[in-house]
Protein chains: 2
Amino acid sequence: MIDKTVRMNYLFDFYQELLTTKQNQYMSLYYLDDWSLGEIADYFDVSRQAVYDNIRRTEAMVEQYETKLRLFDRFEKKQLLLKELKQLVQNNGRPQELMPLIEALEKLE
Amino acid sequence: MIDKTVRMNYLFDFYQELLTTKQNQYMSLYYLDDWSLGEIADYFDVSRQAVYDNIRRTEAMVEQYETKLRLFDRFEKKQLLLKELKQLVQNNGRPQELMPLIEALEKLE
């Protein structure tokens, strides 16, 4: 199980286009730029609680998008298959070894 | 440019999880099962106009999701790269030929 911050970084990356400007700003400062809730609250002149609530709601929202679209899950599976494929190619794998991986990639989404 | 029905079939497939039950039902009957607007209207006991409006709104919605998430666009690019990769593997391509395609796939999303 990966760390929550790492997971949120990925989910935010995949679903940020579906978020509002404010959600994007708070999530970006909190998760990408590592600001504290207090710093974000001061910057936007709102309460710490308001920032906290907004971020928690956004986290729940991107988790829900992930449940529905599974972009991060598919991305991880794709990267694993590509890594395996790369290693096989580097070791001069034969077509019958490479082909099942390519077919698995085709079926992935 | 692909046919609108084909495009909608794909977009519906990619984004159906984000639609309501009713949107899913109408789109599925109209695009996948090829029912007419009138048949859908009769079946659900609503006006033909209501079905038409709902489907047009849903089409606009999935197009908007595509603008934001580009799942279909990425899918097409992925399939093209995989097709090329497959052909190279079948023709016993060398690692230095295969690797750029694998790297392009890694960067795709």
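Residues numbered from 1 in each chain as written. Chains lettered and ligands numbered in written order. Predicted model: local features only at pLDDT ≥ 70, side-chain atom pairs only at ≥ 80, totals over all residues. Heavy atoms only, no water.

Student: How would you explain the overall build of chain A if you had to name every residue and give the values?
Tutor: Scanning chain A from terminus to terminus reveals 6 helices and 0 strands. Ordered by position from N to C terminus, the α and β elements of chain A give α-α-α-α-α-α. On C-alpha atoms alone, chain A measures out to a radius of gyration of 19 Å, which is more than a quarter above the 13 Å that the 2.2 N^0.38 rule sets for 109 residues. Seen along its three principal axes, the alpha-carbon backbone of chain A occupies a region of about 60 × 25 × 25 Å. When burial is assessed residue by residue, chain A has 39% of its 109 residues classed as buried. Across chain A, contacts joining residues at least 24 apart in sequence account for 54% of those joining residues at least 6 apart. Summed over all atoms, the accessible surface of chain A reaches about 6400 Å², with 48% contributed by carbon and sulfur. (Helix = DSSP H or I, 4+ residues; strand = E, 2+ residues; numbered from the N terminus. Rg over C-alpha atoms; globule rule 2.2 N^0.38 Å. Buried < 20%, exposed > 50% of the residue type's maximum accessible area, 1.4 Å probe, protein only. Contact = heavy atoms within 4.5 Å. Areas by Shrake-Rupley, 256 points an atom, 1.4 Å probe, with all protein chains shown as cover.)

Student: Break down a negative patch on the surface for me, with residues and values.
Tutor: All names here are of chain A. Residues Asp 33, Asp 34, Glu 39, Asp 42 and Asp 45 make up a contiguous surface patch of negative charge. Counting through the fold element by element, Asp 34 comes out in the loop between α2 (21-32) and α3 (37-44). Residue classification places Asp 34 among the exposed residues on the basis of a relative accessible area of 65%. (Patch = residues over 30% accessible without salt bridge, like charges linked within 9 Å, V, L, I, M, F, W, Y side chains within 5 Å. Salt bridge = Lys/Arg side-chain N within 4 Å of Asp/Glu carboxyl O. Lys, Arg positive; Asp, Glu negative; His and termini not counted. Charge placed at Lys NZ, Arg CZ, Asp CG, Glu CD.)

Student: Now, about the relation of the copies chain B and chain A: what can you tell me, with residues and values included?
Tutor: Superposing chain B onto chain A requires a rotation of 180° together with a translation of 0.0 Å along the rotation axis, leaving an RMSD of 0.0 Å. Those values place the two copies in the arrangement expected of a two-fold rotation axis. Both copies present the same face, since 100% of the interface residues in chain B are matched by interface residues at the equivalent positions in chain A. (Least-squares fit on C-alpha atoms with pLDDT ≥ 70 in both.)

Student: Go over the pattern of salt bridges with me, naming the residues and quoting the values.
Tutor: Applying the stated criterion across every chain, the model contains 14 salt bridges over all chains. We note a salt bridge from Arg 70 of chain A to Asp 73 of chain A, for which the minimum N-O separation is 2.6 Å. We classify Arg 70 of chain A as partly exposed; its relative accessible area is 34%. In this structure, Asp 73 of chain B engages Lys 77 of chain B in a salt bridge whose closest nitrogen and oxygen atoms are separated by 2.9 Å. With Asp 73 of chain B and Lys 77 of chain B both in helix α5 (residues 71-90), this residue pair falls 4 residues apart, about one helical turn. On the basis of relative accessibility, which here comes to 41%, the residue Lys 77 of chain B falls in the partly exposed class. Through salt bridges that share partners, Lys 4, Arg 56 and Glu 59 of chain A make up one connected network.

Student: A description of unusual backbone geometry should follow, citing residues and the corresponding values.
Tutor: Phi angles above zero are rare outside glycine, and Asn 92 of chain A is one such case at about 55°. Here Asn 92 of chain A shows up in the loop between α5 (71-90) and α6 (95-107).

Student: Lay out helix α6 (residues 95-107) of chain B in plain terms, naming residues and giving numbers.
Tutor: In this model α6 of chain B runs 18 Å from its N-terminal to its C-terminal C-alpha over 13 residues, within 8% of the 18 Å that 1.5 Å per residue would give. Taken together, the buried positions of α6 of chain B are occupied by Leu 98, Met 99, Leu 101, Ile 102 and Leu 105 of chain B. For α6 of chain B, the secondary structure elements touched by its buried residues are α5 and α6 of chain A together with α5 of chain B. (Expected span 1.5 Å × (residues − 1).)

Student: Describe α2 of chain A, with residues and values.
Tutor: Residues and elements named next belong to chain A. In this model α2 runs 15 Å from its N-terminal to its C-terminal C-alpha over 12 residues, within 8% of the 16 Å that 1.5 Å per residue would give. What α2 keeps buried is the set Gln 23, Asn 24, Tyr 26, Met 27, Leu 29 and Tyr 31. Contacts from the buried residues of α2 go to α1 (4-15), α3 and α4 (48-69).

Student: Provide a residue-level description of the side chain of Gln 23 of chain A, including the pertinent values.
Tutor: Residues and elements named next belong to chain A. Looking at where Gln 23 falls in the secondary structure, it is placed in helix α2. On the basis of relative accessibility, which here comes to 10%, the residue Gln 23 falls in the buried class. Once residues within four sequence positions are removed from consideration, Gln 23 is found in contact with Asn 54, Thr 58 and Met 61.

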